[in-house]
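Analysis of the macromolecular model
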Amino acid sequence: IIEDTETRPAPGMDAARKLIEVDKVKIISGGFSSGVALPIAKYCQERGILAVIQPPTSPLFRGVGDMIFLTNVLDNYKGKVIADFAAADSGKKKFALMFMNNAFGMALREETINNLKTQGAEIVTDVAYELNKVDYKAELQRLFSKKPEAVIATFYAKEGMVSAKQAYEMGLLNVDQVPWYVPEMGTSFASGLKEIPQVVEGIKGLDPLAPGSLYFDKFKKKMGRDPFTAYAAMNYDALILIAMAANFAQSEDPAKIRDNLWRVADWYKGQSTGGDKRFDKDGMQGFGQYQHVILKGGKIVPYKK
């Protein structure tokens, strides 16, 4: 049974309540955004519903409870990787940050700040923006108000499209002068790559490793095209892990399936973030991998300095 969260908290909770209260499901998968999936995860925990969530990454999921599992790595990992990448690649010390004001954005922002500071970098501007706006000129002006040497920012597709277009029109997206680094490349510019590829050309960042060939080949055979992003492979892994754990449990009981998730994940060869899908004691991912990428010719391609 499929419901649409609309990548917004209120519709997401409505969808979860319908699935649990009306459809009487025992297991939920999906979520896409930490800000949407976190309240859903808490609701599932309260009701004894197993939730295998992807691709949210907020460290706050770790404390929700024993019925919550993730198939993507947490922001603790990505905050370090993007800070290390941006500092080493740019050689700069003065950074401007722009993150969305929700659970995902603020958690990733905090980890990024902590890791930049350990490297002796200075955060000269720090902008938290609201979702669903049609104009981010004021936020972009604040972002560049103290002449940063490099930018670290992340978006959802809608906000990424608007922000990149306006930054370009304002003369703030010259990556040869002030490089931009994005920890969620596929999500941030899913629309921008298709509609304004010349604008986002040269932005660098992180993306999950390409999906494994098993998933990639299955997807292409069914859909007639390559996957747009690597994130859907995390959903594939979640559903396969649930099915395998249910088979091992020989039960539809959520607690029994939960107990078997650790068992099957120890040897399951996954199709996302490098294939190692082992859960830690809290049901979080501890072994996922991301790659350095750059937007080039309307595509996300691997990047090496």
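Whatever comes next refers back to the structure up there.
Report on the accompanying structure. The shown structure was predicted, so the numbers you read here are calculated from the model rather than taken from an experiment. All chains use their own residue numbering, which begins from 1 and follows the written sequence. For this predicted model, a pLDDT threshold of at least 70 governs which residues receive local features, and a threshold of 80 or more governs which side-chain atom pairs are given and counted, while totals over whole chains, interfaces and linings are taken from all residues. Heavy atoms throughout the structure, all of them, feed into the side-chain values; hydrogens and water do not.

Quick look at the environment of Ala51 now. Helix and strand assignments come from DSSP, with helices taken as H or I runs of at least 4 residues and strands as E runs of at least 2, each series counted from the N terminus. Looking at where Ala51 falls in the secondary structure, it is placed in strand β2 (residues 50–54). To sort residues, take the accessible area from a 1.4 Å probe on protein chains only and compare it with the maximum for the residue type: under 20% means buried, over 50% means exposed, and anything in between is partly exposed. The buried category is assigned to Ala51, whose relative accessible area is 1%. For Ala51 and Ser29, which are 22 residues apart along the polypeptide, the C-alpha to C-alpha distance reads 5.7 Å. Setting aside its immediate chain neighbours within four residues, Ala51 contacts Ile28, Cys44, Met67, Ile68 and Phe69. Only heavy atoms enter the contact rule, under which two residues are in contact if any of them lie within 4.5 Å.

Attention shifts here to helix α6 (residues 157–169). To estimate the expected span of a helix, subtract one from its residue number and multiply by 1.5 Å. In this model α6 runs 18 Å from its N-terminal to its C-terminal C-alpha over 13 residues, within 8% of the 18 Å that 1.5 Å per residue would give. Every buried residue of α6 is listed here: Glu159, Gly160, Met161, Val162, Ser163, Ala164, Gln166 and Ala167. Phi for Gly171, located one or two positions after α6, is positive at around 75°.

Any two strands between which DSSP finds at least two bridges are classified as paired. Here 3 strands make up an open sheet; going across it, the order is β1-β2-β3 and the pairing parallel. Since the sheet does not close on itself, it has two edges, and those belong to β1 (27–31) and β3 (68–70), each with one partner. On average, each strand axis in the sheet is tilted by 20° relative to the strand beside it, whichever way the strands run. Only C-alpha atoms enter the line fits that serve as axes; for helices the fit covers just the stretch in contact. Angles between N-to-C directions range over 0 to 180 degrees. Lying over the sheet, helix α12 (residues 254–265) contacts β1, β2 and β3, oriented at roughly 45° with respect to β2.

In a soluble, globular protein the nonpolar side chains are often hidden away together inside. The nonpolar core is taken to be a set of buried Ala, Val, Leu, Ile, Met, Phe, Trp, Tyr and Cys residues, with the residues joined through side-chain atoms within 4.5 Å. With 55 residues, the main nonpolar core has Ile152, Trp180, Phe189 and Ile203 as its most contacted residues. At 6 residues, strand β4 (residues 94–100) tops the list of elements feeding residues into this core. Counting 41 residues, the second-largest nonpolar core is a separate cluster that includes Val25, Ala51, Val64 and Ile68.

To continue, consider the environment of Tyr290. With respect to the secondary-structure elements, Tyr290 resides in strand β9 (residues 290–296). In the structure, Tyr290 is positioned 244 residues away from Glu46 in sequence and 33 Å away in space, judged by C-alpha atoms. What qualifies as a polar contact is a pair of N or O atoms within 3.5 Å, subject to a donor-acceptor requirement within protein and to the restriction that residues adjacent in sequence count only when both atoms come from side chains. In this structure the side chain of Tyr290 is engaged in a polar contact, spanning 2.9 Å, whose partner is the side chain of Asn72.

Moving on, we get to the sheet that holds β4. Judged by pairing direction, the sheet is mixed, and its 7 strands sit side by side in the order β5-β4-β6-β7-β8-β9-β10 without closing on themselves. With partners counted over all chains shown, the strands left at the sheet margins are β5 (122–129) and β10 (299–302), one partner each. Shown here is a sheet whose adjacent strand axes are inclined to one another by a mean of 30°, direction ignored. Against the sheet, helix α3 (residues 75–90) makes contact with β4, β6 (150–153), β7 (180–182), β8 (204–208) and β9, and its axis sits at roughly 145° relative to β8, the strand it touches most. Strands β4, β5 and β6 of the sheet are contacted by helix α4 (residues 103–118), whose axis makes an angle of about 165° with β4.

The subject of this paragraph is the packing of aromatic side chains. Aromatic pairs are defined between Phe, Tyr and Trp rings, using the six-membered ring for Trp, whenever the two ring centres lie within 6.5 Å; interplanar angles under 30 degrees are classed as stacked, those over 60 as edge-to-face, and all others as tilted. Applying the stated criterion to the full structure yields 12 aromatic pairs. Here Tyr129 and Tyr136 contribute two aromatic rings whose centre-to-centre distance is 5.5 Å and whose plane-to-plane angle is 80°, an arrangement assigned as edge-to-face. Neither residue differs from the other here; Tyr129 and Tyr136 are each classed as buried. For the pair Phe248 and Trp267, a centre-to-centre distance of 5.8 Å together with 50° between the ring planes defines the contact as tilted. Here Phe248, found in helix α11 (residues 232–249), pairs with Trp267, found in the loop between α12 and β9; they are 19 residues apart in sequence, far enough to count as distant.

A few words now on α12. End to end, α12 covers 16 Å across 12 residues, agreeing with the expected 16 Å (1.5 Å per residue, within 8%). Residues Pro254, Ile257, Arg258, Asn260, Leu261, Val264 and Ala265 constitute the buried set of α12. Check the buried side of α12 and you find it contacts β1, β2, β3 and α11. Sitting at the head of α12, Asp253 places a side-chain oxygen 3.0 Å from the backbone nitrogen of Ala255.

This next bit is on the pattern of salt bridges. Here, a salt bridge means any side-chain nitrogen of Lys or Arg that lies within 4 Å of a carboxyl oxygen of Asp or Glu. Per the counting criterion, the structure on display carries 19 salt bridges. A salt bridge links Asp280 to Arg62; the nearest nitrogen and oxygen atoms lie 2.9 Å apart. Residue Asp280 is found in the loop between α12 and β9, and its partner Arg62 is found in the loop between β2 and β3; the two are separated by 218 residues along the sequence. For Asp280, a relative accessible area of 23% gives the class partly exposed. The residue Asp126 makes a salt bridge to Arg109 at a minimum N-O spacing of 2.7 Å. Taken as a pair, Asp126 in strand β5 and Arg109 in helix α4 lie far apart in primary sequence, 17 residues in all.

Before going further, it helps to examine the side chain of Gln54. Checked against the element boundaries, Gln54 lands in strand β2. Assessed through its relative accessible area of 4%, Gln54 is described here as buried. Setting aside anything within four residues of it in sequence, one finds Gln54 in contact with Ser29, Gly30, Gly31, Phe32, Thr71, Met234, Asn235 and Ala238.

Along the chain, Asn115 turns up in helix α4. Distance from Asn115 to Arg263, taken between C-alpha atoms, is 34 Å for residues 148 residues apart in sequence. Dropping the residues within four chain positions of it, Asn115 is found in contact with Gly79, Lys80 and Ala83.

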